[in-house]
Number of protein chains: 2
Amino acid sequence: MPVTIKDIANYAGVSVGTTSKVLNNRGNVREDLRFRVQAVIEKLNYRPSALARGMKIKRTNTIGLIIPKIMNTFYVKVIELVEKEVHDRNYTLILGNSDEDLEREVNCLRTFSDMRVDGLILASAGRTQEGRIQEEISAYRALDIPIVLIVRNLSNTDLDTIELENREGAYQATRYLIENGHRRIGMISSSIQTSAGTERIEGYMKALEEFQIPSDRELVHMGGLTLDSGYIITGKLLSLPNPPSAIFVGTNFQLLGTLRSLKERDIKIPEDISLICFDDTEWSSFADPPLTVIEPYSEDLCKLAAELLFDRIDGMYSAEGRHRVIPTRLVVRKSVNRIA
Amino acid sequence: MPVTIKDIANYAGVSVGTTSKVLNNRGNVREDLRFRVQAVIEKLNYRPSALARGMKIKRTNTIGLIIPKIMNTFYVKVIELVEKEVHDRNYTLILGNSDEDLEREVNCLRTFSDMRVDGLILASAGRTQEGRIQEEISAYRALDIPIVLIVRNLSNTDLDTIELENREGAYQATRYLIENGHRRIGMISSSIQTSAGTERIEGYMKALEEFQIPSDRELVHMGGLTLDSGYIITGKLLSLPNPPSAIFVGTNFQLLGTLRSLKERDIKIPEDISLICFDDTEWSSFADPPLTVIEPYSEDLCKLAAELLFDRIDGMYSAEGRHRVIPTRLVVRKSVNRIA
DNA sequence: TCAATTTTATGAAACGATTCATTATAAATT
DNA sequence: AATTTATAATGAATCGTTTCATAAAATTGA
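Residues numbered from 1 in each chain as written. Chains lettered and ligands numbered in written order. Predicted model: local features only at pLDDT ≥ 70, side-chain atom pairs only at ≥ 80, totals over all residues. Heavy atoms only, no water.

Participant: Teacher, can you tell me more about the sheet that holds strand β7 (residues 220-223) of chain B here?
Facilitator: Strand pairs in the sheet, formed through backbone hydrogen bonds, run parallel or antiparallel to each other. All names here are of chain B. The strand order across the open sheet formed by 6 strands is β7-β6-β8-β9-β10-β12, and the pairing between neighbours is mixed. Edge positions in the sheet fall to β7 and β12 (328-331), since each has one partner strand and no second. The sheet shows a mean angle of 15 degrees between the axes of neighbouring strands, taken without regard to direction. Against the sheet, helix α8 (residues 166-179) contacts β6 (185-190), β8 (246-249), β9 (274-278), β10 (292-296) and β12, and its axis sits at roughly 170 degrees relative to β9. Taken strand by strand, helix α9 (residues 196-210) contacts β6, β7, β8 and β9, and its axis lies near 160 degrees from that of β6. (Pairing = 2+ DSSP bridges. Helix = DSSP H or I, 4+ residues; strand = E, 2+ residues; numbered from the N terminus. Axes fitted to C-alpha atoms, helices over the stretch in contact; angles between N-to-C directions. Contact = heavy atoms within 4.5 Å.)

What follows is the structure, encoded as structure tokens:
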């Protein structure tokens, strides 16, 4: 029997209407009454129910964020940055982690729509069974809840979408390796990630073509977004009769596997092999050696996501889906060697 | 004008009461009606409002989790593990990140109580101005929302509390160093963290005493939970006339600073200095060399937190606060050298 | 002082679900 | 066939807010 607005009203000897005005700092309430009501609120430790309130005003001041893997440092950064944006606008962030699992993602989507979040930022777990996700997206449309897709796009052209400059980033990485004399460059990419995996391979290919380096299919591999996948693929690359002098790892999760594989074989970076990775992580600068990486501008990503979303929430924009691309930059550290 | 239960009822030609029964799979509704209602639900993409529902049944099936820093890998693990526990019980996790800021923590606490979470797991940002937090905690009591305090206790003996075995863990670490021949051991600890900082120092002292090694105040430092603090303190330790042969770093955030400082001075681990750290992190096994650490059993921590919390939510327990301690274990890798 | 005007306070309706007492229908028993 | 019993469906009350039309009180102007 928690205390309600009625209790406050009774206790302070005013009507609930007046109490509500005090709560919301809406005008037209006598100073002494306002004061009295506020005192009672303090005294009884009253907290207005966001449920009742949200139901009446049809806004909950909450934003949902669904990410595919919380153990991935990239998404941790996304969480932090999005939270900041959301918080600055006086909204509360509700987080969902699908752990790369479609069922769990659908589950999050349902829960969030049930909770009537005012908007959703979604980094989807995949497109394999897009149907399920699309169904949920329809529900959001029916409820008039705007969605911004980030990082992993769903080929929904009607939704606001922000992706990373995967092709260009991979091109930068590969080009940098080539410019440092590398000709045989291993590429480890991902298959789960909606389009990012293939886009990164495309960028890699583009650089090779540009420098007229024949591409060797044995050097290009796709795998799951896991440490193991990185480990296994690296092993394959290293045991090639003519192994690569450099490896471009497409994701930070696979990178861990690559590092493990190299360490086990006592292969030194960059002396024995050069390494470059997509995604910056907190510790890539602490690794030994510090890693040269392609870093996406996560901050811009999150800021933009919030802008697009709140534009819609605030009714500033309601036309067709906007599509934005976030650039990446090459951060040169010490994991790439210049070779003959 | 999203579709409501009334719309479903009208459309299906039944009463809202019946519709509600269908929604909740409660008995006593004819097969054909149930089917008809379900069809309409599908067709109209109906999602029952958790707000209205929660308001009526006084349960929201949500659990709040507040952590002090999401960039800290330890807490990322906590998030993941707690989420799993919560999810398994058919609840939704709502995450708050106080970023070690008391105001933001208070803010999270308010928001969560407003939302009427069914329970709260709190790793508090500090005790400096405990008053503010205590006020909020009173509100939770008034609302009958159970709280479990983890990692950072607030000297609230009436709340369920789970802490890490800080003293014993630090003792293990120090003892291990001593057994490897180290006599001058630097200690970097934290001051912000409620009691953990001093407890870890106590464990360090205990080990020194046990081996009758005189403690040198110059070797023991407390600092903020930041990279910079680790960096600065390490610098101080290294420029001592008689620098330590080993350093015990109390937190993984400070560790990054220590690593940076060592790298800058080209001091090799473990050849030139031995290192051991409290907190395991995903990458400590990938560092060069892999780091010997004191690892808290985070899994047990989170499982237990969920158990204590749901015990109360389910009304299985309602007596005085329970206090549990989670053990730590020494994970030997390669950052400690045996010296003469 | 009184009417006109402005300011402030009130209470009922609404939001969208659940619940429960009641009524309607179907099944079972004699 | 009539009565009892079991099963289904209904609709009004309720949860805790906000809002708004209305009423009461205070203020103003003559």
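Moving on from the coordinates now.
Participant: Sorry, what's going on with the side chain of T234 of chain A here?
Facilitator: Residues and elements named next belong to chain A. As for its placement among the helices and strands, T234 is situated in helix α10 (residues 227-238). What makes T234 buried here is its relative accessible area of 0%. Discounting residues that sit within four places of it in the chain, T234 has contacts with I188, I247, T258, S261 and L262. (Buried < 20%, exposed > 50% of the residue type's maximum accessible area, 1.4 Å probe, protein only.)

Participant: Teacher, can you tell me more about unusual backbone geometry here?
Facilitator: With the exception of glycine, most residues fall at negative phi, and the peptide bonds are largely trans. For the peptide bond that leads from I269 of chain A to P270 of chain A, omega is 0 degrees, which places it in the cis range. Position of P270 of chain A relative to the elements: it lies in the loop between α11 (252-264) and β9 (274-278). Positive phi, close to 55 degrees, is recorded for Q212 of chain A, a residue that is not glycine. Note on placement: Q212 of chain A falls in the loop between α9 (196-210) and β7 (220-223). By relative accessible area, which is 72% here, Q212 of chain A ends up exposed. Unusually for a residue other than glycine, R116 of chain B sits at a positive phi of about 60 degrees. Note that R116 of chain B resides in the loop between α6 (102-115) and β3 (119-122). By relative accessible area, R116 of chain B is classed as buried at 17%.

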